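# Tertiary structure, described
Chain by chain, the residues run as shown.
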Amino acid sequence: MRIPGHIKRLLLIYRIFVKPSGFGILPRLANYAFKRYLLGKRVPMTVMIALTYRCQCGCVHCSASELSNEKPELSTQEIKNIIAAARGLGVPKIGFTGGEPLLRADLPELVACAAGHGLSVSIDTNGILLSKKMAATLKEAGISNINVSLDSADPKRHDRLRKQEGCFEAALEGVKSCAALGIPAVVSTYITDKAISEGRLNDLIYTARQSGAAGVRVLFPVYTGKLGSRRRNLLSAENKKLFFEKYLDSSFVYSESPLYDCLSGAMECTMRKKMSVYVTAYGEVKKCYVSGCSMGNAREESLAAILEKNGYLKAGLAADAECGAC
């Protein structure tokens, strides 16, 4: 019997978000759905928190390359306060990003804090520090899923793009370690016209399946950071459409998030729909990680106050304009 695409997608969401978080996440999701879709309130699905902008790599596509490390990073307690505030608003998911979040020694403690609040918790990592021991520590802390970056199925190409020798091997071993422990590890990559024409996306999807990954997240190039000065044709409109027609796999391959990547059959702008917010490593709250404008600082005022004055949490508001970087 052929399983419908929407059922496959629900099963993917279950594997990545619900099952690892425990059934305790279901009331959180139900509460979120009630506020967002019945009351019409613009409660974000996800609060992404950058823990640091330090990183071992020098990726040619890095979107955080223009962010300095001169300011003091959010403390452990400040991040815990943001997590608690997000929970209070009805946000069901926290994502830790960077830079490289595994460079923060308090990461397991922060994961445990978010999981303790009944939230789904994810990490975006280059995988260099994702050892078997670290994966086990994160599992014990309550991690829901880990997004591991792989730019290519070719180890030399990946290491060259990351400017870090041995990065591919470490990342792939990290995916395998997570799979062995039952942690959903999603291979995260980005695509270009050249990658599609050379069949590299097919190769990466195959490698991800062989390594035991729970899925593949395919991102489109964002023209900010090191890509800000590049020609705006790394990925044509035709190949964006081709991705959704040829590569999108409801059970394994998605773009941005399986929760809302193709609600209209195309890439969804989470900023425009107020589906997510981004907190910098210094507490600035932004609509999106590529946004240059700060809505406020979580060190100075509550997350609720910042979001409310910027049109979140209220009902019946029109969507924002597309961000210029997408």
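Here, the structure is the one placed above.
Overview of the structure. (Residues numbered from 1 in each chain as written. Predicted model: local features only at pLDDT ≥ 70, side-chain atom pairs only at ≥ 80, totals over all residues. Heavy atoms only, no water.)

## As for the overall build of the chain
Quick reminder of the rule: By the criteria applied, helices consist of DSSP H or I runs no shorter than four residues and strands consist of E runs no shorter than two, each listed in order from the N terminus. Relative accessible area decides the class of each residue, using a 1.4 Å probe on protein chains only: under 20% of the type maximum gives buried, over 50% gives exposed, and in between gives partly exposed. Between two residues, a contact is recorded if the distance between any of their heavy atoms is within 4.5 Å. In these tables, accessible area is a Shrake-Rupley quantity obtained with a 1.4 Å probe, and a residue counts as shielded only by the protein chains included in the view.
Within the chain, the regular secondary structure consists of 11 helices and 10 strands. Burial statistics for the chain: of 326 residues in total, 51% are counted as buried. Considering only residue pairs separated by 6 or more positions, the chain has 71% of its internal contacts joining residues 24 or more positions apart. Of the roughly 14600 Å² that the chain leaves accessible, carbon and sulfur atoms contribute 53%.

## Brief notes about helix α9 (residues 200-211)
Note the cut-off: Multiplying 1.5 Å by the residue count of a helix minus one yields the expected span of that helix. It is the directions from the helix axis to the C-beta atoms that the arc portrays.
Taking 1.5 Å as the rise per residue, α9 with 12 residues should run 16 Å; its terminal C-alpha atoms sit 16 Å apart, in good agreement. Regarding α9, the residues found buried are R200, L201, L204, I205, T207, A208 and S211. In a view along the axis of α9, the buried residues occupy a sector of 160 degrees, so they form one face of it. Away from its buried face, by an angle of more than 90 degrees, α9 presents the exposed residues Y206 and Q210. Within two residues after α9, G212 carries a phi angle of roughly 90 degrees, on the positive side.

## So, the pattern of salt bridges
Side chains that differ in charge, positive against negative, can pair when their charged atoms come close. Under the convention used in this document: The term salt bridge refers to a side-chain nitrogen of Lys or Arg lying within 4 Å of a carboxyl oxygen of Asp or Glu.
A complete count under the given rule lists 13 salt bridges for this structure. Note that E78 is salt-bridged to R299, the shortest N-O span being 3.1 Å. A residue pair is termed long-range when its members are at least 10 positions apart, and E78 in helix α3 (residues 76-89) and R299 in the loop between β10 (296-297) and α11 (303-309) qualify at 221 residues. The salt bridge involving E245 is made with K241; its shortest N-O contact spans 3.9 Å. Of this pair, E245 and K241 both sit in helix α10 (residues 237-247), separated by four residues, roughly a single helical turn. For E245, a relative accessible area of 56% translates into the label exposed. What you see here is one network of salt bridges that share partners, running through R54, E73, R104 and D106.

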